[in-house]
Amino acid sequence: MKKSSRVMVIIMAAGMVLLGLSTAGFAASVIKIGYTAPFTGSAAEFGVNGWRGIQLALEEINKKGVMVAGKKHTIEIKRYDSICTPTDGVANVRKLAMQDKVVAILGDHCSSVCVAIAPLCDQFKIPGLTIECAADKVTKPGHEFYFRMRPSVGLMAPLFTPTIVKKFKPKSAAFLVVNDDYGLGLASAISKELDKFGVKTVLTDHFERGNTDFMVYLAKIKKAKADVAFYVGVVPEGAMILKQAREMGLTESAKLIGSEEMGEMELVSLAGAEATEGTYAVSLWGSVPGDFSKRVTKRFNAPMHYAIIFAYDALHTVTRAIELAQSLDPVKIKDAMKKVDYQGLEGHIKFEDFEGYRNQCKFVPAIIKWEGGSRVPLK
Amino acid sequence: MLSVNRIALGIILIFLLLIPHIASSYVVYVAVLAILFSMLTASYDLLTGYAGPLSFCHAAFYGFGAYTSALLTLKTGMSFWLALPISGIAVFLFGVVVGYPALRLRGHYFAVTTFFFGHFMYLVFLNARDLTRGPLGLGGIPPPDSIFGIDFSSLTANYYLILIFGILMVGFLYALVNSGYGRLIVSIRENEDLAEAVGVNTAFVKVMAFSISAGLAGITGSLFAHFFRLLHPTTFAWMTSEMIVVMALVGGIGTLVGPIIGAGVVTFILEMMRFAPELRFIIWAILLIAILIIEPRGLAGIFARIRGGI
Amino acid sequence: MEIFLLQAGNGLIIGSVYALVALGLNIIWSITDIPDFAQGSFYVIAAYVAYFAVTLAGVPFLVALVLGMCVGAIMSFSCEKFLYRRWRERTFRLAARTQLLCAIALFFLFANVANALWTSKAKIFPAYLKGSLLGFSYMRINVLLAAIILFLVVYVFINKTKPGKAIRAASMDLGMAQVLGINIDTVNSIVFIMGGALSGAAAVLVSPLYSVFPTMGDLPLLKALVVVILGGFGSVAGILICGVGLGVLEALGAIYISSAYQHGYSFVILLLMLLLRPKGLFGRV
């Protein structure tokens, strides 16, 4: 199989070159890039927002065209639904690699799927770039052909915890996290870092995804008298937590710090500026240019979401790699991915190998404060 | 008619054997999933099609077998060839324990209870983190150990392995339902009180049908675990149980062939619709209702009608 | 103690939502023998319609509630009239199977339609009332009050009115009811309209507390099915007690035992009950 796919790649590359020579400089030809993401099921919001970001990037790229070996190309995205399940994600990647013959694969959004598809990228020798999987093991120990831009759960905590300790000087911390790999992983990573500064974790509680009633959890946190309370989940849960925390006066006694999603504008639109006032959030992006936000609003009539930014950066990153490689050979594109050095909306994108991680970017997440319904990045 | 059937069977078998040589690895992968689902629906048919009670927890046994086999090989270093029968037997025994009380219930009571049992098992897979690693997924499961010099780490070898097990399982089920025991099961489906009156130990026969069906799903789970080498609770959530029920009913239960064809057809249709991610399940649900309107007995019913049957 | 009371109260409120959905399911199930999974998706659509009515058209909450009930009733009525009814004349086992499969297909269909139309991102229903009593917001208390009112209405309807008596007769002996001249089509339509309206009401009542999203119907549906079996058929009061009891038990279990298995307790209770009292806690059969 490996042999046959290698042969296939060579034939494909040869075919491309021939095609390129015969029609050089004329009509644009198409570069196919795959995208696997959840478009249905409980994680559909990530796929839907990611697809928005990709569409925005695609418009920009195709307007200009991608010059490869002196010839103008346009990009075509093949996208399939993974429903956030590993078996479907693998079917998608196999289809993208074998039927659609894409040169690179974007996705997935769910860690469980990323873990399943990363080895396939090695097997098919096609570069893959996850949009937002957070689990450490996606890039640690990692795969030659699989890349990640965002810092993983284990990387994030050491990066932002000192800021929190310096800023709030807390003595005790409480965690209210969603019961999945992301919530549990992040809570234990932060807790471990806080421990190094002598900050005690007094309470860790988890709730099921889709939970809407947090009064009791919040009452327990208030009783434990924690100085900082971390809450980890997605925006609808976070909005409910903030509303109910305000209702019982928890926001006065503790500093509330939310996970990534709680730094999204959507939080304000759901919870209201009043409920978010004076709370904090860890955010992977500090601020985006105003006209990008405007484009999102104008085009989709939707608030900004990090999946939009991540997916937008992801397609630009891969396009950058194709331009650097000056080839449509996936292996060459993979090599070029390692040379990409690009300032994305979310941060500085440069894939490195370090501390057991492979093909991983390293940028410092921001901490933002909600003031009057807008994000104010902390220094 | 019999010879026509035999010829059709032969053609299908040859076609199945040829798939890895004529199709891409994507098609082979989908074919493996289709065969696994065929095994699940065929074993499901023993309980629901032949014995009668409608069950919604087949994926729970599938998952139980998968996790048992994976954990046995991971924690004790046991060989796959030993873990496979052990997980089958374990799930069979588990089926006895669950089936004995549950099968005292009749009709939709039983159906809804199994529905909950399926959900409960999913919660166990999700939350027994020390064993299953919960939402992180259980990875690093070894492929089946090589025997006779065949290395089972490749997709093609796995395809043949699972195909052979599929044929064996269907053969076993075929022999079972055509045996005296099979006729006993059907007699219970047709009239449980009458069967009881003539001295059939209906509870025992039903519990056996339930447990054998569960045990076969467990073996399928073991095959899946060592083929996919990564287990995640969502693979065994209630959605999968529903899918098994739908596949079996679309094919037409109580025929053994129907559910197998149903699994193939449904897998194929869902794969065909990958191009329309958001609409996939909408089209699918409408198609399902359309099939029900045309012929409630499923594809087997349509075939019977074409052949001028009932 | 404070936590105990708070959580018990919340369980009471969530339980009354289970009970509302279960009441509709129970009436449908006892007459037509269909565990109507599709009610879970009418719940979702009703909540969305009410949400859009409030946010886009700015109608008062009470109007949205009635609108949600109408949407649930119309969907439920149409599904019975154009789909389930079609298979009623088939042999019993085939009919039961087909109707159940169709109900599941409808459940898939509408949940995914909601996902395609409005995405899976949850929408927050604006609060229609401010203030609270003993730590419970008025909106929470209203859920309980409305549930009690709806239960009373259903109770009176079933026990005191003529169509109600026809329904009771049909639930006891369908064949005999037909012999006595009860039009079974009409009875079916009435029970499905009631079921849909109750599901819609439950959805709209709970939306302002929580949020509106395509899979919001899954858990209430699951729990309502348990409540139907726990409560046994034909007992309106039994459904209310079991629904509320299940809600409270779950809420307390989440705090004192484990929140991870919160949605598994209902199964354990169900299994215990089935072993001890297979006819349901309040079954009259």
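Not measured: the values here are computed from a predicted model.

*Asks:* Report on the domain arrangement of chain B, specifying residues and quantitative values.
*Replies:* Residues and elements named next belong to chain B. Annotation of chain B at the domain level lists domain 1 (42–236) and domain 2 (246–310). Each partner contributes residues to the interface: domain 1 has 10 residues there, and domain 2 has 7 residues. For the pair domain 1 and domain 2, the two sides together bury roughly 680 Å², of which 77% comes from carbon and sulfur. Considering only the surface of domain 1 that becomes buried against domain 2, Ala42, Asp45 and Tyr50 emerge as the three largest contributors, covering 50% of it. Taken together, the links from domain 1 to domain 2 amount to 3 residue pairs in polar contact (both at pLDDT 80 or more). Of all the secondary structure elements, the ones that give two or more residues to the side of domain 1 that touches domain 2 are α2 (25–51) and α7 (155–177). Among the elements that make up the side of domain 1 that touches domain 2, the one with the highest residue count is α2 (6 residues).

*Asks:* Requested: an account of the confidence of the model for chain B, with residues and values cited.
*Replies:* On average, residues of chain B score 85 in pLDDT, and 98% of them are at 70 or above. Per-element confidence in chain B ranges from a low mean pLDDT of 78 for helix α14 (residues 298–306) of chain B to a high of 92 for helix α3 (residues 58–76) of chain B.

*Asks:* Kindly report on the state of the cysteines, identifying the contributing residues and their values.
*Replies:* Joining two cysteines, a disulfide is a covalent bond between their sulfur atoms. All names here are of chain A. In this structure the tally under the stated criterion is 2 disulfides over all chains. Disulfide pairing is shown between Cys84 and Cys110; the S-S distance is 2.1 Å. One disulfide, between Cys84 and Cys110, carries an S-S torsion of -120 degrees and so falls in the left-handed class. A residue pair is termed long-range when its members are at least 10 positions apart, and Cys84 in the loop between β3 (71–81) and α3 (86–98) and Cys110 in the loop between β4 (104–106) and α4 (111–124) qualify at 26 residues. Here Cys84 and Cys110 have matching classes, each one buried. Not part of a disulfide, Cys121 finds its nearest cysteine sulfur in Cys114, a span of 9.4 Å. Taking the relative accessible area as the measure of exposure, Cys121 reaches 1% and is therefore buried.

*Asks:* How would you sum up the sheet that holds strand β8 (residues 200–207) of chain A? Please name residues and give values.
*Replies:* Residues and elements named next belong to chain A. Read from one edge to the other, the open sheet built from 7 strands follows the order β8-β7-β9-β10-β11-β16-β17, with strand pairing classed as mixed. This sheet does not close on itself; its edge strands, each paired only once, are β8 and β17 (374–377). Taken over all neighbouring pairs, the strand axes of this sheet differ in orientation by 25 degrees on average, direction set aside. Bridging between strand β7 (residues 172–178) and β8 involves 7 bridges; their strand directions are parallel. Bridge pairing in β8 links Ala174 to Leu203.

*Asks:* For the pattern of salt bridges, give the residues involved together with the corresponding values.
*Replies:* Taken as a whole, this structure holds 15 salt bridges over all chains when the rule is applied. Ionic contacts of the salt-bridge type, sharing partners, join the residues Glu59, Glu60, Arg295 and Arg299 of chain A into one network.

*Asks:* I'd like to hear about the interface of chain C and chain B, residue by residue, with values.
*Replies:* The extent of an interface is frequently quoted as the accessible surface area lost upon association of the parts. Listed per partner, the contact involves 42 residues of chain C and 38 residues of chain B. Interface area for chain C against chain B, summed over the two sides, is near 4000 Å², with a carbon-plus-sulfur share of 80%. Per-residue buried area on chain C facing chain B is highest for Leu101, Phe108 and Phe267 of chain C; these three make up 17% of the total on that side. The interface formed by chain C and chain B holds 0 salt bridges in total. On inspection of chain C and its partner chain B, the count reaches 1 residue pair in polar contact (both at pLDDT 80 or more).

*Asks:* Which residues make up unusual backbone geometry, and what values do they have?
*Replies:* With the exception of glycine, most residues fall at negative phi, and the peptide bonds are largely trans. Residue and element names in this part refer to chain A. In this structure, the amide linkage connecting Gly107 to the following residue, Asp108, adopts the cis form with an omega of 5 degrees. The residue Asp108 is located in the loop between β4 and α4 in this model. A cis geometry characterises the amide bond from Lys140 onward to Pro141, with omega recorded as 5 degrees. Structurally, Pro141 is set in the loop between β5 (128–130) and β6 (146–148). For Ile83, which is not glycine, the phi torsion reads 50 degrees and is therefore positive. Here Ile83 lies in the loop between β3 and α3. Positive phi is not limited to glycine here, since Cys84 has a value of about 65 degrees.

Cut-offs applied
- Residues numbered from 1 in each chain as written.
- Chains lettered and ligands numbered in written order.
- Predicted model: local features only at pLDDT ≥ 70, side-chain atom pairs only at ≥ 80, totals over all residues.
- Heavy atoms only, no water.
- Domains from an automatic or database assignment.
- Contact = heavy atoms within 4.5 Å.
- Buried area = accessible area lost by both parts, 1.4 Å probe.
- Polar contact = N/O pair within 3.5 Å; in protein donor to acceptor, adjacent residues only side chain to side chain.
- Helix = DSSP H or I, 4+ residues; strand = E, 2+ residues; numbered from the N terminus.
- pLDDT = per-residue confidence, 0-100.
- Disulfide = S-S within 2.5 Å.
- Buried < 20%, exposed > 50% of the residue type's maximum accessible area, 1.4 Å probe, protein only.
- Pairing = 2+ DSSP bridges.
- Axes fitted to C-alpha atoms, helices over the stretch in contact; angles between N-to-C directions.
- Salt bridge = Lys/Arg side-chain N within 4 Å of Asp/Glu carboxyl O.

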